[in-house]
Structure formats: structure tokens, C-alpha cells
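Now for the letters of each chain:
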Amino acid sequence: YTSMVDDETAKLFVFAFISAMLLCITTWSKPYSNNQGQILDILETSLLTARFVLYFMVAMLLILFPSPTTTRMCAYFVLVML
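Computed from a predicted model, the values in this text were never measured in an experiment.

Undergrad: Can you help me understand a nonpolar patch on the surface in this one?
TA: Side chains of Y32, L40, L43 and L47 sit close together on the surface and give an oily, nonpolar patch of about 380 Å² of accessible area. Tracing the backbone through its elements, the reader meets L40 in helix 2 (residues 39-64). The partly exposed category is assigned to L40, whose relative accessible area is 44%.

Next comes the structure, spelled out in C-alpha cells:
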């Protein structure tokens, strides 16, 4: 699904956009049953949020070329998140 765009930076945005759309759809539809207090819905939403943040952060780091200090702070955030 990344062959719809040719530019490398646009492909990075496509990955982040697809991740965001999956997060929105899953949060809105809540596809799992409520037998256990929506534990699976909460787990999937938190994991999709982590994936979106990771994709978005990597895309921004590759596109914007921030300073080494900013890159280090983002790397620590990703490490804590994982």
C-alpha cells in the first residue's frame, strides 16, 4: 500500500496515516466482546497508540533532521514507551 506514492517522505507519512486511521477505527468500533470489562479493547488501543507514536516520531526524525539533543530525547521517550 505504499506504492501509491513515489516520494520517500510521502511514504513515511502514509505509514503514520495508516497507523492513525487504524487507531481511530479501532477506538471507535471496539471490536471485541465486553465479557471481561473491555480489557482487549483497552490493550489494543494502547498498543495501536504506541505504534502510531513510534511511526510518527521516526517519520518526523527522518524528515526534519533535528539536533542531536532532540533526537536523543525522542530516543529516550521511545525506549521508555517500549
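Further notes follow.
Undergrad: Would you take a moment to explain the side chain of D41 for this structure?
TA: Mapping D41 onto the fold places it in helix 2. Although D41 is buried, it forms no salt bridge, and the closest oppositely charged side chain is K30 at an N-O distance of 6.0 Å. Apart from the residues within four sequence positions on either side, D41 is in contact with K30, P31, Y32 and N34.

Undergrad: Any chance you could explain the packing of aromatic side chains here in plain terms?
TA: Given two aromatic rings, one states the distance between the centres and the angle between the planes to describe the pair. Counted by the stated rule, this structure contains two aromatic pairs. Both rings, one in F15 and one in Y55, keep their centres 6.2 Å apart while their planes meet at 45 degrees; by these two values the pair is tilted. Within this pair, whereas F15 is found in helix 1 (residues 8-29), its partner Y55 is found in helix 2, the two being separated by 40 residues in sequence. With centroids separated by 5.9 Å and ring planes inclined at 25 degrees, the aromatic side chains of F52 and F56 adopt a geometry described as stacked. Of the two residues, F52 and F56 both sit in helix 2, four residues apart, roughly one turn of that helix. For F52, a relative accessible area of 26% corresponds to the partly exposed category. Exposure remark for F56: the relative accessible area of 39% places this residue in the partly exposed category.

Undergrad: Would you take a moment to explain the packing of helix 1 against helix 2 for this structure?
TA: Helix packing for two helices is described by the angle between their axes and how far apart those axes are. Between helix 1 and helix 2, the shortest axis-to-axis distance is 9 Å and the interhelical angle comes to 165 degrees. As far as their axial angle goes, helix 2 and helix 1 are roughly antiparallel. Here the hand of the crossing between helix 1 and helix 2 comes out left-handed. Where helix 1 approaches helix 2, its residues T9, L12, F13, F15, A16, S19, A20, L22, L23, T26 and T27 are matched on the opposing element by E44, T45, L48, T49, R51, F52, Y55, F56, A59, M60, L62 and I63. Of the residues contributing to the contact of helix 1 with helix 2, the split by class is 15 nonpolar, six polar and two charged.

Basis of the calculations
Residues numbered from 1 in each chain as written. Predicted model: local features only at pLDDT ≥ 70, side-chain atom pairs only at ≥ 80, totals over all residues. Heavy atoms only, no water. Patch = residues over 30% accessible without salt bridge, like charges linked within 9 Å, V, L, I, M, F, W, Y side chains within 5 Å. Areas by Shrake-Rupley, 256 points an atom, 1.4 Å probe, with all protein chains shown as cover. Salt bridge = Lys/Arg side-chain N within 4 Å of Asp/Glu carboxyl O. Helix = DSSP H or I, 4+ residues; strand = E, 2+ residues; numbered from the N terminus. Buried < 20%, exposed > 50% of the residue type's maximum accessible area, 1.4 Å probe, protein only. Lys, Arg positive; Asp, Glu negative; His and termini not counted. Contact = heavy atoms within 4.5 Å. Phe/Tyr/Trp six-rings, centres within 6.5 Å; stacked < 30°, edge-to-face > 60°. Axes fitted to C-alpha atoms, helices over the stretch in contact; angles between N-to-C directions. Parallel < 35°, antiparallel > 145°, perpendicular 65-115°, else oblique. Left-handed = near helix turned anticlockwise from the far one by under 90°. Nonpolar A, V, L, I, M, F, W, Y, C, P; charged D, E, K, R; others polar.

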